[in-house]
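Single-letter residue listing:
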Amino acid sequence: MSQKHIKKILIIATRQIGDTLITTPLISAAKRIWPDAQIDFFGYENSLSMLSGNTDIHQLIGTRPKLSFIDYLKQFFQLFKRYDLAVITQPSDRAYIYGLIAAKHRVGVIPVEPKLNWWKKKISIHNIEVNYFHQHVITEKLRLLEPFVSESDLFGHPISVRPPKPVDLPSEIQSKLSKSFVVIHPTPLTAYKRWPLANWVELIKSLSENHQIVLSGAPIAQDRELNQAIIDLLSDSAKKSILNLDGRLKLDQLGTLLRQAKLYIGVDTSVTHLAAACNTPTITLFGATPPTNFGPWPNGFVGKQPYVLKASTQKVGNVTILQGPGDCVPCRKAGCEDKPDSRSDCLINLPVKSVLEAVSAYGITFK
């Protein structure tokens, strides 16, 4: 397919918030290759605010995980053969069906299971296979453009994740922020990515004497409950340093908060990717997830892979990744019991001392 014939492009990312954010280097690359093309983005409605203010995108098209038959029909006619190229960034059947409906030609990510790939390969001009241990997701997405440009064009210059445009914080929150605050996000989507409560309490106790601690979380019950459980275990003096946002900020507002923060500390979650994208010094605690696949991208990195598969501490640019001990690390399972509510021994055994050493490496003091 000739590059010059591509005038309208649809990028498809029907997954979670973090999966939307990490498409921004791909969007930037597509705009660089086709500066005059119309680039639209198709994804879940609750994730689209991650792309707020992205001037490379002409239109954001929202969908939901579950639609009525009538809504499916409306979406079919909204997309049907309106694009020259669909860029399918997830290996799901649903994403490929949308790509088949929308565009004359497709490139896409495919799963590792060969029996699931044949029809996806048949309808595509180019595919990239998922490699959960040795290929970063940013690289995976950018490689979808291999038929159109050289490798040096894709990876020979600084690559950055673009956060939502800055917006004002609510005045009642801005007025409560001190000049030096640390954002802590202890709440992952699933239990097997959690660090023990007692460790968060010890960490906050060490930091709170010199810095205000801002607790971040999603506006859902499990995040509110986990943050409150941490606060309940703190001493009265440490509690005075806490500002618990309790899911009160929208994603673009959270980006503004992170830009102002002296430091961010969090688990393997989308907010950690947002912190890194905002150029905030970022410390993240990784357990089962391979950092070589989904470590927060250090903005401005040149190349395909910022990280190694396993190291107790990795600091690249503004991002530090900490991994707990164990020969099985990283396993890419749902914890030691391979289920969402499982424990993860690697995180249980990741000491507070390691986090404080990473804090010191950024020149941030504590007691």
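Reference entry: report on the structure contained in this document. Every value quoted in this text rests on a predicted model; they were computed, and no experiment measured them.

Bringing the packing of helix H12 (residues 251-260) against helix H13 (residues 270-277) into the picture now. Two quantities define a packed helix pair, namely the angle between the helix axes and the distance between the axes. One can describe the packing of H12 onto H13 by two numbers: an axis separation of 9 Å at closest approach and a directional angle of 50°. By the angle between their directions, the pair H12 and H13 is classed as oblique. Where H12 crosses over H13, the two elements pack in a sense that is right-handed. Note on element contacts: H13 touches H12 through Val-271, Leu-274 and Ala-275, opposite Leu-251, Leu-254, Gly-255 and Leu-258. Its residues assigned to classes, the contact of H12 with H13 shows six nonpolar, one polar and no charged.

With that settled, the discussion passes to the packing of aromatic side chains. Under the definition given, this model contains seven aromatic pairs. Summarising the aromatic geometry, the rings of Trp-297 and Phe-301 are spaced 5.5 Å apart at their centres and angled 85° between planes, so their arrangement reads as edge-to-face. Lys-8 extends its terminal NZ or CZ atom over the ring of Tyr-83, reaching a point 5.3 Å from the ring centre. The ring of Tyr-132 carries Arg-332 above its face, with NZ or CZ at 3.4 Å from the centroid.

Side-chain alternation along strand E8 (residues 212-215) places Gln-212 and Val-214 on one buried face and Ile-213 and Leu-215 on a second face that is also buried. With four bridges joining them, strand E7 (residues 181-185) and E8 adopt parallel strand pairing. Residue pairing in the sheet places Val-183 in a bridge with Val-214 of E8. As for the winding sense of the linkage, the β-α-β connection from E7 through helix H9 (residues 197-208) to E8 is right-handed. Judged from the three bridges that link them, E8 and strand E9 (residues 242-244) form a sheet pairing that is parallel. Across the sheet, residue Ile-213 finds its bridge partner in E9, namely Ile-242.

Turning our attention to the nonpolar core. Judged by nonpolar contacts, the single largest core of 65 residues is most densely connected at Ile-9, Trp-34, Leu-145, Leu-257 and Leu-258. The residues touching Leu-257, leaving out its near neighbours within four places in the chain, are Leu-169, Leu-177, Phe-181, Val-183, Val-214, Leu-245 and Leu-249. Grouped together as the second largest cluster of nonpolar side chains are 30 residues, Ile-230, Leu-234, Leu-263 and Leu-347 included.

Here seven strands make up an open sheet; going across it, the order is E9-E8-E7-E10-E11-E13-E12 and the pairing mixed. A single partner strand is all that each edge strand has here, and the edge strands are E9 and strand E12 (313-316). Pairwise comparison of adjacent strand axes, ignoring direction, gives a mean angle of 20° for this sheet. As defined by bridge partners, E12 adjoins strand E13 (residues 319-323) across four bridges and the pair is classed as antiparallel. What sits directly across from Val-316, in E13, is Val-319. Along the sheet, H9 makes contact with E7, E8, E9, strand E10 (263-267) and strand E11 (282-286), crossing E7 at roughly 175°. Packing against the sheet, helix H10 (residues 221-232) makes contact with E8 and E9, and its axis sits at approximately 160° to E9.

With an omega dihedral of -10°, the bond running from Val-329 to Pro-330 counts as a cis peptide bond. Assignment of secondary structure puts Pro-330 in the loop between E13 and helix H15 (345-348). The backbone of Asn-279 shows a phi angle near 65°, a positive value even though the residue is not glycine. Of note in this structure, Arg-332 is not a glycine but carries a positive phi near 60°. Following the sequence through the fold, Arg-332 ends up in the loop between E13 and H15. Residue classification places Arg-332 among the partly exposed positions, given a relative accessible area of 39%.

Thresholds applied
Residues numbered from 1 in each chain as written. Predicted model: local features only at pLDDT ≥ 70, side-chain atom pairs only at ≥ 80, totals over all residues. Heavy atoms only, no water. Axes fitted to C-alpha atoms, helices over the stretch in contact; angles between N-to-C directions. Helix = DSSP H or I, 4+ residues; strand = E, 2+ residues; numbered from the N terminus. Parallel < 35°, antiparallel > 145°, perpendicular 65-115°, else oblique. Left-handed = near helix turned anticlockwise from the far one by under 90°. Contact = heavy atoms within 4.5 Å. Nonpolar A, V, L, I, M, F, W, Y, C, P; charged D, E, K, R; others polar. Phe/Tyr/Trp six-rings, centres within 6.5 Å; stacked < 30°, edge-to-face > 60°. Lys NZ or Arg CZ within 6 Å of the ring centre and 35° of its normal. Buried < 20%, exposed > 50% of the residue type's maximum accessible area, 1.4 Å probe, protein only. Pairing = 2+ DSSP bridges. Right-handed = clockwise from strand over helix to strand, strands pointing away. Core = buried A, V, L, I, M, F, W, Y, C linked by side-chain atoms within 4.5 Å.

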